Amino acid sequence: MTVRHGFPYQPTALAFDPVQKILAIGTRSGGVRLLGRPGVDCHCQHESGAAVLQLQFLINEGALVTACADDTLHLWNLRQRRPAILHSLKFNRERITFCHLPFQSKWLYVGTERGNTHIVNIESFVLSGYVIMWNKAIELSTKTHPGPVVHLSDSPKDEGKLLIGFESGTIVMWDLRVKRADFRIYYDEAIHSVSWHHEGRQFMCSHSDGSLSMWNMRNTAKPFQVTFPHGKTQRDGRKESCKPILKVEYKTSRNSSEAFVVFSGGLSYDKAGRRPTLTIMHGKAITVLEMDYPIVDFMVLCDTPYLNEVQEPYAVVVLLEKDFVVVDLTQSNFPIFENPYPMDVHESPVTCTAYFADCPPDIIPVLYSIGAKHKKTGYSHKEWPVSGGTWTVGSQTYPEIIVTGHADGSIKFWDATAITLQMLYKLKTSKVFENPKSGDVGRSGELVEEDPYAVQMISWCPQSRIFCVVGTSAHVILYRFSKHDANTTITSLEVRLQCEMEDVISPSDTENTPCYSDPSGLSPQPQPPSPRSNTPDSARDSISCLKVKDRMIRMPPGYQAELVVQLLWIDGEPPQQITSLDLNSAYGLLAVGNCNGLAVVDYLQKTILLCMNTLELYGSADPFQRLTRSPRKNRQSTSDFCMRGLSSFYSDSKKRIRTSYQSLTELSDNQVSLDLERSKSPTSAPYSPSLHNDPRGTGEPVSNLRSCHYSPVFYLLDNDHVNGHCTSPTSQPCPSGRARVPGGPEGPRLARRGPGRPPFRKAQSAACMEVSLPVSSLTEESRENSFSRSRSSSVSSIDRETKEAVTTLQFMESYGRKSDSLPTPCLWVGTSLGLVLIIPMSIPMDEQERQEDPVTVAPAGTVLMLKGSILRVSFLDCGGALIHSPYEVWRDQQAPADPDRPRKRKLVNFSPSSSQEASGDCHLAVVCSERQAKVFLMPTQACLYVHNITESSFVLRADVVSVCNSVGLACFCANGHIMTLSLPSLRPLLDVNYLPQTDMRIARTFCFTNGGQALYLCSPTEIQRITYSQEMCDNLQEMLGELFTPIETPEAQNRGFLKGFFGGNSQTFDREELFGEASAGKGSRSLAQHIPGQGGMEGMKAAAGGVVGELARARIALDERGQRLGELEERTALMMTSAETFSKHAHEMMLKCKDKKWYQF
């Protein structure tokens, strides 16, 4: 089961049911979004994926017709919670350009590119034999083709006459009864749209030259009025050229003699840079509403569905390329309605997501109360006009919160309870920093071309309400929540993380200062930053990318920044992007890792506890022998490898990372050895010289994943490949759980990355990753968009290995050594080489001592090994129950002090010794990499279970979640498979090919949560929530809204006895007599092919073929029969009322005339 939130990506069409008050939006990818009252939100998808050209509701019938770009018509049944296609009609020889379905008619008019008009029976979805050919519609003397049909509408005065508008400017009024044209209009300018006056005596056209023409039915030789609403008269008397008016609507109102004319476009060409506009003309008043994005379509909402009545417009629905606006027409200043749907998810491009289920029940109302104070004002006070459908919360609700990080540095908290989405609170991380000045060299201007504040990772503890944000400028911001204002300064810590080894052969090249490493766990004070001036890269040192505000700041209630940790430039090299983060409120510690190493920060004492490169963390326990590499002599411009902004998540144009061929070939000593090595590896893939995927681009499908090894870090080595030889074909680890050293004839060697390598650009986590692509078999387009990665030993052998990145961090009460008898606070560190290090810590327990005494961090040398980069570490007790990390209960530090009740830290600890007594103080550690999962018994470090998750792909995201009162490991692979494994036995429970085509956006944003749920960004503007648990699916099914509600169709206005009896023949028009098979014959089978739909009423698929199916069909038949009987009864009552009225008028007429002589008439 899936639920989609956000704005429909790349919208193309709009429709509205004025009786049901349901709105439909079609998209370029074949999606249809159906919206009603808040909570009624449904997404449908055409299997073909063809763009939706037009939408037509069967008003108050619970059905929708879609016309797609593959020239297929579809009929959707909306009388069920999950709409399904009932019929399809595929046109073979002609392309569909316009459709029109008259109110209360079962005959659909379909205009084509050839200029013909066909008629489709909605009930049977077959063509009628009645066709209006273009050569019959125009005069025989006309020498040119009129062009495609751009408009179809029946006359409000007479339904038997059809107005056909052709693109060239030709307008034909076709009499359906006599099958000939009443009149023809040949206009010089192309027509874009036509709109009738409700009386049917005149109509208005919009044209390509920015003009509006008014035509009277009595004289069609020329328009009686032509206006250029935005065109000024020039000195020579001519009107200035204007842009086309793409659509116009002409609506009348009872309260005013002046009509509403609403249109889009029509601005003059000389006003460059003006935003798209919607113009509302009411009498002499002209109101121009500027929009933020181009207008796709708009509709004027009216009280009545009848075209021959006074329309009474009350709102305008405007569909923009990236927004959805509703304007109130009942007020003179035309305010907009406050949109109740989460249409602003993409206000700034989404760069990361997090999903939290089973949140503390008080957190949602608290965030909402804070966020409500900052809401915009000036909205219309009337109710939201799209109010159709019904929605109930359901029997069970699950407090859930979705957090999204954005390219402008903003954070949004969303209430995702009961399958809805409502924004709770917005946080702007950019307010922590000074605005960058022009010429501020050495800061983010050169590190990040765009979006220096873009959010890369988030870590949130809902219990303690501590929130951590990782930004692309290599910074971490720690926030605390408070209900009160605060005037405070933000503490800034600067960290030097460097990993450039000195070459033992070249003493002259050993001047680079290595990263500081303190064996005792203490770190020095950070060095002061050097002055920022116009200096070359080589002289740029100890400079942070952004400048933190160093003055007193007033912070409003909500999340308030307390600490900023920034990585510094070192010897002209920009800081590498942060790849992992973990926060523990009970310990008061924050851990940050990247491809250089690890830093641990005490945010209570505002000090740096540990700053070590990855190699130093191993000490003597390093399983590899590593060669050193001297620094490069000629530094290349680091900006060539720097991160680019994430705003182009939107754009269709893809930007390529500027990585040179030279920098990549430095991986090998020479090309000959590289080719030999590639020939040795059975899993090697073509060598990629200089191509890397840009994760900001719009995701493109990835299908051909090669049989090779993958990693979320550039050029990283799989542990089982040494010097081009696969040392572990079966990929089975050592059963004892010991760290196995890869074997080789000469022993393993691991070369560290020298300074000649390109720096890492982005976070290399499961949600934000970088990939390298094979080149030989990829086209130019697929090189930029493909998601598959090649990590063959030919490119990343152990002799040519790059930096070992820290890919995951986890604080937990555990055992740092085999000899430990009691659990202690530990930090588990997973790396890109598949190694896990355990770092024990000593933390003072007393609150006063915790604020004053230092915390010691000393790596113990404990190493565990898996295949592939480590993605997740979690812990279970020996009974299989999940052990949560300890946390601190939230307390408002900005609240006024109470001397009677001093605020003390209250810690909640889930240590193994407290959760179980009979098991002897042991627990299980679950470690998952991109290829493998293992369960270790602590403290013995014995490997109890192992499972190779995938051989042909790699895991993008792995989480240990609670599902159906048990714990499991959920994995999402690059080939689109969702897998679940039991814990602790690691038995496969589920393997579903959910997304056959996976793109980079999905890889960056996919995340699991408890209850068998997950989410990802399915488009740059939409969040897709899914569930893979049947229990959760059944519960969520009850919460789905009903799109269709039985509503009586409003009656038409009484036209008066004499007018109805003697005037007008619209009531006597019988379409069935004209278009039916008896009179018109059958339509051409070669022109259109009928395709039965796969969906029907709910449950028909599962019930078809059995007794349940027969009962379901019988129940449906009874419902339909009852509905028809009800309609028949209503019609009978109407006929009886009409007969009584006629009898009454006839009797009155007889009484008036009975005493008159014949000559008195």
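Quantities reported herein were computed from a predicted structural model and do not represent experimental measurements.

Visitor: Run through the overall build of the chain, naming residues and quoting values.
Guide: Regarding its fold elements, the chain presents 16 helices and 66 strands. Here the chain holds 1161 residues, and 58% of them are scored as buried. Across the chain, the fraction of contacts at a sequence separation of at least 24, relative to all contacts at a separation of at least 6, is 62%. Of the roughly 48300 Å² of accessible surface on the chain, 51% is carried by carbon and sulfur atoms.

Visitor: Provide a residue-level description of a negative patch on the surface, including the pertinent values.
Guide: Side chains of Glu61, Glu1048, Glu1051, Glu1127, Glu1129 and Glu1130 sit close together on the surface and give a patch of like negative charge. By secondary structure assignment, the location of Glu1129 is in helix H16 (residues 1107–1153). With relative accessibility at 58%, the residue Glu1129 sits in the exposed group.

Visitor: Quick rundown of the sheet that holds strand S22 (residues 245–251)? Include the residues and the values.
Guide: Strand order in this open sheet of 4 strands is S22-S23-S24-S25, and the pairing throughout is antiparallel. Only two strands of the sheet have a single neighbouring strand rather than two, namely S22 and strand S25 (285–290). When strand polarity is set aside, the average angle formed by the axes of neighbouring strands in this sheet is 15°. In this structure, strand S23 (residues 260–265) lies alongside strand S24 (residues 277–282), joined through 5 bridges in antiparallel fashion. Bridge pairing links Phe260 to His282 in S24.

Visitor: Describe the sheet that holds strand S53 (residues 870–877), with residues and values.
Guide: Reading across the sheet, the 4 strands line up as S53-S56-S57-S58 and stay open at both edges, with antiparallel pairing between neighbours. The open sheet terminates on both sides in strands that have one partner only, identified here as S53 and strand S58 (942–948). Here the strands of the sheet are splayed against their neighbours by 15° on average, with no regard to which way each runs.

Visitor: Account for the nonpolar core, with residues named and values stated.
Guide: Counting residues in hydrophobic clusters, the biggest one holds 35 residues, and the most contacted among them are Leu367, Ile401, Val403, Phe413, Trp460, Phe467 and Tyr559. Those residues in contact with Phe413 that lie beyond four places of it in its chain are Leu367, Ile401, Ile402, Val403, Gln422, Met423, Leu424, Tyr425, Trp460, Phe467 and Tyr559.

Visitor: How would you explain the confidence of the model for the chain if you had to name every residue and give the values?
Guide: When pLDDT is averaged along the chain, the result is 77; 74% of the residues meet or exceed 70. A low-confidence stretch, residues 501–535 stays under pLDDT 50, and its non-local contacts, those more than four residues away or across chains, total 71 contacts. A low-confidence stretch, residues 629–801 (pLDDT under 50), is modelled with 483 contacts involving residues beyond four sequence positions or located in other chains.

Visitor: Which residues make up the environment of Gly405, and what values do they have?
Guide: Secondary-structure assignment places Gly405 in strand S30 (residues 400–406). Taking the C-alpha atoms as reference points, Gly405 and Cys352, 53 residues apart in sequence, are found 5.1 Å from one another.

Visitor: Provide a residue-level description of unusual backbone geometry, including the pertinent values.
Guide: A negative phi angle characterises most non-glycine residues, just as the trans form characterises most peptide bonds. For the bond running from Met938 to Pro939, omega is 10°, close enough to zero to count as cis. Here Cys964, not a glycine, exhibits a phi torsion of approximately 55°, which is positive. Position of Cys964 relative to the elements: it lies in the loop between strand S59 (955–963) and strand S60 (966–973). We classify Cys964 as partly exposed; its relative accessible area is 42%.

Visitor: Explain the side chain of Ser544 to me, using residue names and the numbers behind them.
Guide: On the secondary structure map, Ser544 appears in the loop between strand S37 (491–495) and strand S38 (553–555). Since its relative accessible area comes to 2%, Ser544 is described here as buried. Looking at Ser544, its side chain comes within polar contact range of the main-chain oxygen of Leu546, at 3.0 Å.

Visitor: With reference to specific residues and values, describe the pairing of strand S10 (residues 96–100).
Guide: Remark: a regular strand shows side chains that alternate across the two faces of the sheet. Among the 5 residues of S10, 4 are classified as buried, and the element is accordingly described as predominantly covered. Where S10 lies against strand S11 (residues 107–112), 4 bridges are found, and the strand directions are antiparallel. Its bridge partner lying in S11, Phe98 is registered against Gly111. Hairpin geometry of S10 and S11 is characterised by an intervening segment of 6 residues between the two adjacent antiparallel strands and by a positive phi of about 60° at Gln104.

Visitor: An account of helix H11 (residues 1030–1037) is needed here, citing residue identities and associated values.
Guide: Those residues of H11 that fall on the buried side of the exposure criterion are Met1032, Cys1033, Asn1035 and Leu1036. For H11, the buried positions fall inside an angular range of 165° around the axis, keeping them on one side. Summarising the contacts, the buried residues of H11 are in contact with strand S64 (1013–1019) and strand S65 (1022–1027).

Visitor: So, the packing of aromatic side chains: which residues are in play, and what are the values?
Guide: Enumeration over the complete set of coordinates arrives at 26 aromatic pairs. Summarising the aromatic geometry, the rings of Tyr109 and Phe1075 are spaced 6.1 Å apart at their centres and angled 90° between planes, so their arrangement reads as edge-to-face. In this pair, Tyr109 sits in strand S11 while Phe1075 sits in helix H13 (residues 1071–1075), placing the two residues 966 residues apart along the sequence. A relative accessible area of 0% means that Tyr109 is categorised as buried. Of the residues examined, Phe1075 reaches a relative accessible area of 1% and is grouped as buried. Centre to centre, the rings of Phe413 and Phe467 are 5.3 Å apart; their planes meet at 55°, and the pair counts as tilted. Here Phe413, found in strand S31 (residues 410–415), pairs with Phe467, found in strand S34 (residues 466–471); they are 54 residues apart in sequence, far enough to count as distant. As far as the burial class goes, Phe413 and Phe467 line up, both buried.

Visitor: Give a description of the pattern of salt bridges that names residues and reports values.
Guide: By the definition in use, this model includes 36 salt bridges. Linking Glu1022 and Arg33 is a salt bridge whose minimum nitrogen-to-oxygen distance equals 3.6 Å. Taken together, the residues Glu1022 in strand S65 and Arg33 in strand S4 (residues 31–35) connect sequence positions 989 residues apart. Look at Glu1022 and you get buried, because its relative accessible area is 6%. With its nearest N and O atoms 3.1 Å apart, the salt bridge here joins Arg872 to Asp959. Linking Arg872 in strand S53 with Asp959 in strand S59, this pair joins segments that are 87 residues apart in sequence. Note on Arg872: relative accessible area 23%, which makes it partly exposed. The exposure class assigned to Asp959 is buried, which follows from its relative accessible area of 9%.

Rules of the game
Residues numbered from 1 in each chain as written. Predicted model: local features only at pLDDT ≥ 70, side-chain atom pairs only at ≥ 80, totals over all residues. Heavy atoms only, no water. Helix = DSSP H or I, 4+ residues; strand = E, 2+ residues; numbered from the N terminus. Buried < 20%, exposed > 50% of the residue type's maximum accessible area, 1.4 Å probe, protein only. Contact = heavy atoms within 4.5 Å. Areas by Shrake-Rupley, 256 points an atom, 1.4 Å probe, with all protein chains shown as cover. Patch = residues over 30% accessible without salt bridge, like charges linked within 9 Å, V, L, I, M, F, W, Y side chains within 5 Å. Salt bridge = Lys/Arg side-chain N within 4 Å of Asp/Glu carboxyl O. Lys, Arg positive; Asp, Glu negative; His and termini not counted. Charge placed at Lys NZ, Arg CZ, Asp CG, Glu CD. Pairing = 2+ DSSP bridges. Axes fitted to C-alpha atoms, helices over the stretch in contact; angles between N-to-C directions. Core = buried A, V, L, I, M, F, W, Y, C linked by side-chain atoms within 4.5 Å. pLDDT = per-residue confidence, 0-100. Polar contact = N/O pair within 3.5 Å; in protein donor to acceptor, adjacent residues only side chain to side chain. Arc of directions from axis to C-beta. Phe/Tyr/Trp six-rings, centres within 6.5 Å; stacked < 30°, edge-to-face > 60°.

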